[in-house]
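Each chain is listed here by its residues.
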Amino acid sequence: MERVLSILSRFTFPIFAFIATIAVLLASQYVFFWDTIQLGSKHAHWYYEQQFQYLLLPTEIDSGHPPVFGMYLAVVWKVFGKTMAVAHFAVLPFLLGIVWQVYRLINYFATKYQFLILFLVLTNVILLGQSTLVSPDVAFLFCFLFALNGVLYLKKWQIIIGSIGLGLLSIRGIFAIMALIGIHFRIDKKVKPLTIFI
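Attention in this report is confined to the structure presented alongside it.

Conventions and cut-offs
- Residues numbered from 1 in each chain as written.
- Predicted model: local features only at pLDDT ≥ 70, side-chain atom pairs only at ≥ 80, totals over all residues.
- Heavy atoms only, no water.
- Core = buried A, V, L, I, M, F, W, Y, C linked by side-chain atoms within 4.5 Å.
- Buried < 20%, exposed > 50% of the residue type's maximum accessible area, 1.4 Å probe, protein only.
- Helix = DSSP H or I, 4+ residues; strand = E, 2+ residues; numbered from the N terminus.
- Contact = heavy atoms within 4.5 Å.
- Patch = residues over 30% accessible without salt bridge, like charges linked within 9 Å, V, L, I, M, F, W, Y side chains within 5 Å.
- Areas by Shrake-Rupley, 256 points an atom, 1.4 Å probe, with all protein chains shown as cover.
- Salt bridge = Lys/Arg side-chain N within 4 Å of Asp/Glu carboxyl O.
- Expected span 1.5 Å × (residues − 1).
- Arc of directions from axis to C-beta.
- Phe/Tyr/Trp six-rings, centres within 6.5 Å; stacked < 30°, edge-to-face > 60°.

Moving on: the nonpolar core. In terms of nonpolar packing, the biggest core is built from 47 residues, with Leu-73, Leu-122, Val-134 and Leu-166 touching the most fellow members. Taken together, the elements giving at least two residues each to this core come down to helix H2 (12–26), helix H4 (68–80), helix H5 (84–109), helix H6 (114–122), helix H8 (136–152), helix H9 (156–169) and helix H10 (173–187). With 14 residues, the single largest contributor to this core is H5. Once residues within four sequence positions are removed from consideration, Leu-73 is found in contact with Phe-32, Gly-40, Ala-44, Ala-87, Ala-90 and Val-134. Ranked by size, the runner-up nonpolar core spans 6 residues in total, among them Trp-46, Tyr-47, Leu-57 and Ala-74.

Spelled out as structure tokens, the structure:
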């Protein structure tokens, strides 16, 4: 068993990247659901139909969150065509990013059984459910993990880019950024909390 896990560990990222791609392919005709109707479909449709003439959303579809995910989806539709499959594949880079960031996170804490640990993390039902949706939460999770790995690996540029992504995707990003500051402060008590961005 240990030998098999050792062999699988060498190909961990490609295996899970392939599985994520197949999952997106299988879910490529799933329609927008629940809050993704508002944060994905309505926002993206509005920008797509308005030809990006306006930055701010009309009041009736403005949920208070920054509409960056809807803008991104509208741009992808403009380039590749307005279909559900294109919308799902627009989320694929973030899913692959999640796989890579979780892999890096595991490597930070564990030197053995990375494949098994990654399997357990990525088969979490909440993550699996979100990955079948065209959801800004997938991009949000990627940005959080990207910034978290920046904190752990002491890469300030990564913390900044991940934090900007969090703030642009959701008002919940403020709380996620505060959590990152707390984690950084807890790891390195010599650092003042706000200096992780400087």
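Okay, the side chain of His-43 next. Its location among the elements puts His-43 in helix H3 (residues 35–49). Look at His-43 and you get buried, because its relative accessible area is 1%. Leaving out residues up to four positions away in the same chain, His-43 has contacts with Gln-38, Leu-57, Ile-61, Ser-63, Pro-67 and Gly-70.

Our next topic: a nonpolar patch on the surface. A cluster of nonpolar side chains, Phe-18, Ile-19, Ile-22, Leu-25, Leu-26 and Phe-89, forms an exposed patch at the surface whose accessible area comes to about 600 Å². A total of 5 residues in the nonpolar patch trace back to one element, the largest contributor, which is H2. When you line up the elements, Leu-26 lands in helix H2. Under the relative-accessibility criterion, Leu-26 is labelled exposed at 67%.

Here we come to H9. For an α-helix the count is 3.6 residues per turn, leaving residues at separations of three or four pointing the same way. For H9, spanning 14 residues, the distance from its first C-alpha to its last is 20 Å, which sits close to the expected 20 Å at 1.5 Å a residue. All buried positions along H9 are accounted for by Gln-158, Ile-159, Gly-162, Ser-163, Gly-165, Leu-166 and Leu-169. Down the axis of H9, the buried set is contained in an arc of 155°. They therefore lie on one face. Tucked inside the fold, the buried residues of H9 contact H4, H5, H8 and H10.

This brings us to the pattern of salt bridges. With the rule as written, the count across this model stands at 1 salt bridge. The residue Arg-172 makes a salt bridge to Asp-137 at a minimum N-O spacing of 2.7 Å. One end of the pair, Arg-172, is in the loop between H9 and H10; the other, Asp-137, is in helix H8, and 35 residues separate them in sequence. Look at Arg-172 and you get partly exposed, because its relative accessible area is 39%.

We now examine H10. Between its first and last C-alpha, H10 extends 21 Å over 15 residues, near the 21 Å set by a 1.5 Å rise per residue. Considered for burial, the residues of H10 that qualify are Gly-173, Ala-176, Ile-177, Leu-180, Ile-181 and His-184. The buried side chains of H10 occupy one side of the element, clustering within an arc of 145° when seen end-on. In H10, the exposed residues that point more than 90 degrees away from the buried face are Ile-174, Phe-175, Met-178 and Arg-186. Those residues of H10 hidden inside the fold are in contact with H8 and H9.

Below, the discussion takes up the packing of aromatic side chains. As enumerated under the stated definition, the model contains 15 aromatic pairs in all. Measuring from centroid to centroid gives 4.9 Å for Tyr-108 and Phe-109, while their planes differ by 80°, and the two rings are edge-to-face. Under the relative-accessibility criterion, Phe-109 is labelled exposed at 62%. With centroids separated by 5.9 Å and ring planes inclined at 70°, the aromatic side chains of Phe-146 and Trp-157 adopt a geometry described as edge-to-face. Here Phe-146 is found in helix H8, whereas its partner Trp-157 is found in helix H9, with 11 residues between them in sequence.

With that out of the way, let us pick up the environment of Leu-92. Assignment of secondary structure puts Leu-92 in helix H5. With a relative accessible area of 11%, Leu-92 lands in the buried category. Separated by 71 residues in the primary sequence, Leu-92 and Thr-21 have C-alpha atoms spaced 6.9 Å apart. Residues within four places of Leu-92 in sequence aside, it is in contact with Ala-20, Thr-21 and Val-24.

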